[in-house]
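Topology and contacts: notes
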Amino acid sequence: MSAHDRPSGSYNRRTFLRGTAATAAGLWLAGSGRHGWGKEEDDADLAQTLHVHTKSPMNAEPALDTLCESWITPLDQFYVRSHCKQVPQVDPGEFRITIEGLVEDRLELSLEQLQKEFRRETATATLTCAGNRRSRFEKKASGVQWSAGAVGNARWTGVRLSTLLKKAGLKDEAKHVWFESVDRIHDGNTLFPFGGSIPLDKAMDEDDGIPGALLAYEMNEKPLPPHHGFPVRGLVPGYIGARSVKWLGRIIVSNRPSNNHYMTHAYRLIQEDTEAAWKQAEPIGRYPINGAICEPAADAQLDAGTITVRGYALPSGGAGTTIKSVRVSADGGNTWTDADLKSPSQQFAWQLWQARLRVTDATDHLLMAATDSAGEELPQSVPWNLKGYLYNARDKVPVKVR
Ligand SMILES: Nc1nc2c(c(=O)[nH]1)N[C@H]1C(S)=C(S)[C@@H](COP(=O)(O)O)O[C@H]1N2
Ligand SMILES: [Mo]
């Protein structure tokens, strides 16, 4: 049943829901001095704290020195990566999410039901775009030329996906869980929603208290901001950002991976844009280890002597994996200095680090290496791919020393 053909008997309840949810959202909007969802005000706010690559769709990242100041990334420092030209405006009172497909009982839930009828769970997890650090490829890859700021760490609060799937009841053939957004993306003359899927095993993973996936309605204890998926988004710890679908509308349980454009013709590692190449490559799920030097900035002027180097390292996205070590070098990798790990060490979350490093007038770049507890390390180089995904080589920052 859609919002349009609901029997009139449910009118009072819907009006009531709209009232309470809108009041909650209204308080937040008033508190932040905003007047609407996804309007020009939000874009102007973002542009004050983020470097905007493109405005429509909104693609923006923070300055690296500010980014690595805080283990939990403040909302106004959190990168935005959207494919739709306009932020969908969802009335929180009208919002319904459906769980359908290979389930015993189709569910249709309001925001209020999600928030009141299911246990509230909070998970700290780092979200990273598969295109983070794309601009570092020597041969330019297509897409937004991200520096190393398409990554952020937040506390996500919502409902475990597994809880909803269990309530709906899974059929035997169920193997994958699809997420579909309410946004509509133009490509040539077709219009389609953003979407993606994860294997059912990941969705049902409840190890160590960290959910395999969350339907998040809060980010750092605030309602999700419009650009980050208000009112509800998927959040899949350990997977590339593209699988954490914003402005969530439908969840579909299936026996095969989603056939959404962003599963079949994006977020795969290909060398040339042919049907055969897309078919042959696998959709990217888990992200590999990554990391970057956030300070000093590229081309910084330094005095010879001991300097402070800071940055982040993200362990590969497997359960239980944490960063083991970070090292930096001022002489092209001949000698290395261990960095101090400065933040909590958690699976699915980045590690902030800092090192004191001697630079001389022979130093023309700084290098960073890292390893994680799953045995992954930042590679010396990354083979180019057409769409510029998963660049995770040792970071190399050019500097000038006097
Ligand atoms: N509906 C929808 N969900 C989406 C996207 C999008 O364009 N539309 N972008 C994805 C990508 S590629 C990334 S990296 C993350 C970015 O989330 P953020 O903008 O909250 O940082 O959202 C993902 N979810
Ligand atoms: Mo992304």
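See the structure printed just above.
With respect to the pairing of strand S24 (residues 395-401)
Alternating positions in S24 separate cleanly, Asp-395, Val-397, Val-399 and Val-401 being buried on one face and Lys-396, Pro-398 and Lys-400 remaining unburied on the opposite face. Both strand S17 (residues 300-302) and S24 contribute to a ladder of three bridges, which runs parallel. Across the sheet, the residue bridging to Leu-302 is Val-401, located in S24. Of the strand pairs in this sheet, strand S23 (residues 365-372) and S24 are connected by four bridges, and their pairing is antiparallel. When the bridges of S24 are listed, His-365 appears paired with Pro-398.

Points about the site of ligand 1
Around ligand 1 there are 20 residues in total, and Tyr-79, His-83, His-228, Arg-233 and Lys-246 lie nearest to it. Contact distances for ligand 1 include 2.7 Å between an oxygen atom and a backbone N or O atom of Tyr-79. Separating a nitrogen atom of ligand 1 from a side-chain N or O atom of Asp-183 is a distance of 3.0 Å. In isolation ligand 1 offers 530 Å² of accessible surface; the protein chains occlude 100% of this area. By residue class, the composition of the shell around ligand 1 is 10 nonpolar, six polar and four charged.

Looking at the side chain of Asn-392
Following the sequence through the fold, Asn-392 ends up in the loop between S23 and S24. On the basis of relative accessible area, Asn-392 is assigned to the buried category, the value being 8%. Polar contacts involving the side chain of Asn-392 include one to the main-chain carbonyl oxygen of Ile-289, which spans 2.8 Å. Filtering out sequence-adjacent residues up to four positions away, Asn-392 remains in contact with Arg-133, Pro-288, Ile-289, Asn-290, Leu-378, Pro-379 and Val-382.

Overview of the nonpolar core
Counting residues in each nonpolar core, the largest one holds 62 residues, and the members touching the most others are Ile-99, Leu-161, Ile-198, Ile-251 and Tyr-312. Broken down by element, this core gets its largest block of residues, four residues, from helix H5 (residues 161-168). Not counting chain neighbours up to four residues away, the residues in contact with Ile-198 comprise Leu-161, His-176, Val-177, Phe-179, Ala-203, Ala-213, Val-236, Tyr-239 and Arg-243. Counting 23 residues, the second-largest nonpolar core is a separate cluster that includes Leu-302, Val-309, Ala-313 and Val-328.

Observations regarding the sheet that holds S23
One open sheet holds the five strands; their spatial order is S17-S24-S23-S19-S20, and the pairing between them is mixed. Each having just a single partner strand, S17 and strand S20 (337-338) make up the two edges of the open sheet. Here six bridges tie strand S19 (residues 323-329) to S23, and the two strands are oriented antiparallel to one another. Looking across to S23, one finds that Ser-325 is bridged to Thr-371.

Focus: the sheet that holds strand S1 (residues 51-54)
Spatially, the three strands line up as an open sheet ordered S1-S2-S3, and their pairing is antiparallel. Each of the sheet's edge strands pairs with one partner strand only, and the pair in question is S1 and strand S3 (80-81).

Topic: a negative patch on the surface
A surface patch of negative charge is lined by Glu-104, Asp-105, Asp-172 and Glu-173. Its location among the elements puts Asp-105 in the loop between strand S4 (96-101) and strand S5 (107-110).

Considerations on the packing of aromatic side chains
Under the defined criterion, the tally for this structure stands at eight aromatic pairs. With a centroid separation of 5.9 Å and an interplanar angle of 85 degrees, the aromatic rings of Phe-78 and Trp-156 are classed as edge-to-face. You can see Phe-78 sitting in the loop between helix H3 (64-67) and S3 and its partner Trp-156 sitting in strand S7 (residues 151-160), a full 78 residues away along the chain. The ring of Trp-384 has Lys-139 lying over it, and the distance from NZ or CZ to the ring centre is 3.8 Å. In this arrangement the basic side chain of Arg-327 is found over the ring face of Trp-336, its NZ or CZ atom lying 4.6 Å from the centre.

Quick look at the side chain of His-83
Mapped onto the secondary structure, His-83 falls in the loop between S3 and S4. Looking at His-83, its side chain comes within polar contact range of the side chain of Arg-81, at 3.5 Å. Polar contacts involving the side chain of His-83 include one to the side chain of Tyr-267, which spans 3.3 Å. With near-sequence residues (within four places) excluded, His-83 lies in contact with Pro-57, Ile-185, Phe-194, Tyr-262 and Tyr-267.

Reading the values: rules and limits
Residues numbered from 1 in each chain as written. Chains lettered and ligands numbered in written order. Predicted model: local features only at pLDDT ≥ 70, side-chain atom pairs only at ≥ 80, totals over all residues. Heavy atoms only, no water. Buried < 20%, exposed > 50% of the residue type's maximum accessible area, 1.4 Å probe, protein only. Helix = DSSP H or I, 4+ residues; strand = E, 2+ residues; numbered from the N terminus. Pairing = 2+ DSSP bridges. Near = heavy atom within 4 Å. Polar contact = N/O pair within 3.5 Å; in protein donor to acceptor, adjacent residues only side chain to side chain. Areas by Shrake-Rupley, 256 points an atom, 1.4 Å probe, with all protein chains shown as cover. Nonpolar A, V, L, I, M, F, W, Y, C, P; charged D, E, K, R; others polar. Contact = heavy atoms within 4.5 Å. Core = buried A, V, L, I, M, F, W, Y, C linked by side-chain atoms within 4.5 Å. Patch = residues over 30% accessible without salt bridge, like charges linked within 9 Å, V, L, I, M, F, W, Y side chains within 5 Å. Salt bridge = Lys/Arg side-chain N within 4 Å of Asp/Glu carboxyl O. Lys, Arg positive; Asp, Glu negative; His and termini not counted. Charge placed at Lys NZ, Arg CZ, Asp CG, Glu CD. Phe/Tyr/Trp six-rings, centres within 6.5 Å; stacked < 30°, edge-to-face > 60°. Lys NZ or Arg CZ within 6 Å of the ring centre and 35° of its normal.

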